[in-house]
Amino acid sequence: MKRYWVFLLAPVSLMVARAVSAETIELQVYPTNGPNQGCPEKMIAYQTRQPYQEGGYATDGMVSLSAIATNITLAPKEPFSAIWIGTLKPQYRNCEGTAGMFKIDGKEHTGPSFIRLQLIKGKAKVILDMTGMRDVNGFTTQIIKSGLRQGNPRWTWGGTD
């Protein structure tokens, strides 16, 4: 009997693992002061859809800001946007530029970029902005949680279904 249960549980656990796999989001960096000013080529963010809940949906996300910055803090959150600010690491201090969502799981992203990055005056600023983003019912998606974990910006955003 025990062998039978092990056989049944293995496929179920594999289905759950696939359902919560993270999407990789590439943010392309566009320098404003020339190509050789010490800017990173890209930044990586991740988002994972939470399991379905009746009436709405939510997506968890994070960006690896600690790869290029230290002393990261979260500015006061608004209902539709959150901003994290950090000090650029020495190798990136001269970089001035911006970044936006360029690829999701290796495929070109052509929609609006709700995750953006500004690199200016020795600071890195990650902006999560739901302004103008809507769910299927025409309501603005909202930021449910924002914070820091392991030195990186983390968030949950969602909407109605």
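Criteria and thresholds
- Residues numbered from 1 in each chain as written.
- Predicted model: local features only at pLDDT ≥ 70, side-chain atom pairs only at ≥ 80, totals over all residues.
- Heavy atoms only, no water.
- Buried < 20%, exposed > 50% of the residue type's maximum accessible area, 1.4 Å probe, protein only.
- Helix = DSSP H or I, 4+ residues; strand = E, 2+ residues; numbered from the N terminus.
- Pairing = 2+ DSSP bridges.
- Salt bridge = Lys/Arg side-chain N within 4 Å of Asp/Glu carboxyl O.
- Contact = heavy atoms within 4.5 Å.
- Phe/Tyr/Trp six-rings, centres within 6.5 Å; stacked < 30°, edge-to-face > 60°.

Colleague: Give me the pairing of strand β8 (residues 115-120): which residues, what numbers.
Modeller: Going residue by residue along β8, you find I115, L117 and L119 tucked away on one face and R116, Q118 and I120 left uncovered on the opposite face. Two strands pair when backbone bridges link them, and strand β6 (residues 97-104) and β8 are joined in this way by four bridges, in the antiparallel orientation. Residue pairing in the sheet places G97 in a bridge with L119 of β8. Where β8 meets strand β9 (residues 123-129), six bridges bridge the pair, whose relative direction is antiparallel.

Colleague: Tell me about the pattern of salt bridges, residues and numbers included.
Modeller: Counted by the stated rule, this structure contains three salt bridges. As a salt-bridge pair, E23 and R49 come within 3.3 Å of each other at their nearest N and O atoms. Within this pair, whereas E23 is found in strand β1 (residues 23-31), its partner R49 is found in strand β2 (residues 42-49), the two being separated by 26 residues in sequence. Since its relative accessible area comes to 18%, E23 is described here as buried.

Colleague: Please give an account of the environment of M101 that cites residues and values.
Modeller: Structurally, the position occupied by M101 is in strand β6. For M101, a relative accessible area of 8% gives the class buried. Sequence separation between M101 and L117 is 16 residues, and the spatial gap between their C-alpha atoms is 9.3 Å. Ignoring any residue separated from it by four or fewer positions in sequence, one finds M101 in contact with I25, E26, L27, H109, P112, S113, F114 and I115.

Colleague: Please give an account of the environment of G122 that cites residues and values.
Modeller: With respect to the element layout, G122 can be found in the loop between β8 and β9. A sequence separation of 32 residues divides G122 from P90, and the C-alpha atoms of the two residues are 8.7 Å apart. Each residue touching G122, except ones within four places of it in the same chain, is listed here: G86, T87, L88 and R93.

Colleague: Before we move on, can you summarise the packing of aromatic side chains with the specific residues and values?
Modeller: The relation between two aromatic rings is expressed through the spacing of the ring centres and the mutual angle of the planes. As enumerated under the stated definition, the model contains three aromatic pairs in all. Measuring from centroid to centroid gives 6.2 Å for Y57 and W157, while their planes differ by 90°, and the two rings are edge-to-face. Residue Y57 is found in strand β3 (residues 56-63), and its partner W157 is found in strand β11 (residues 152-160); the two are separated by 100 residues along the sequence. Judged by its relative accessible area of 30%, Y57 falls in the partly exposed class.

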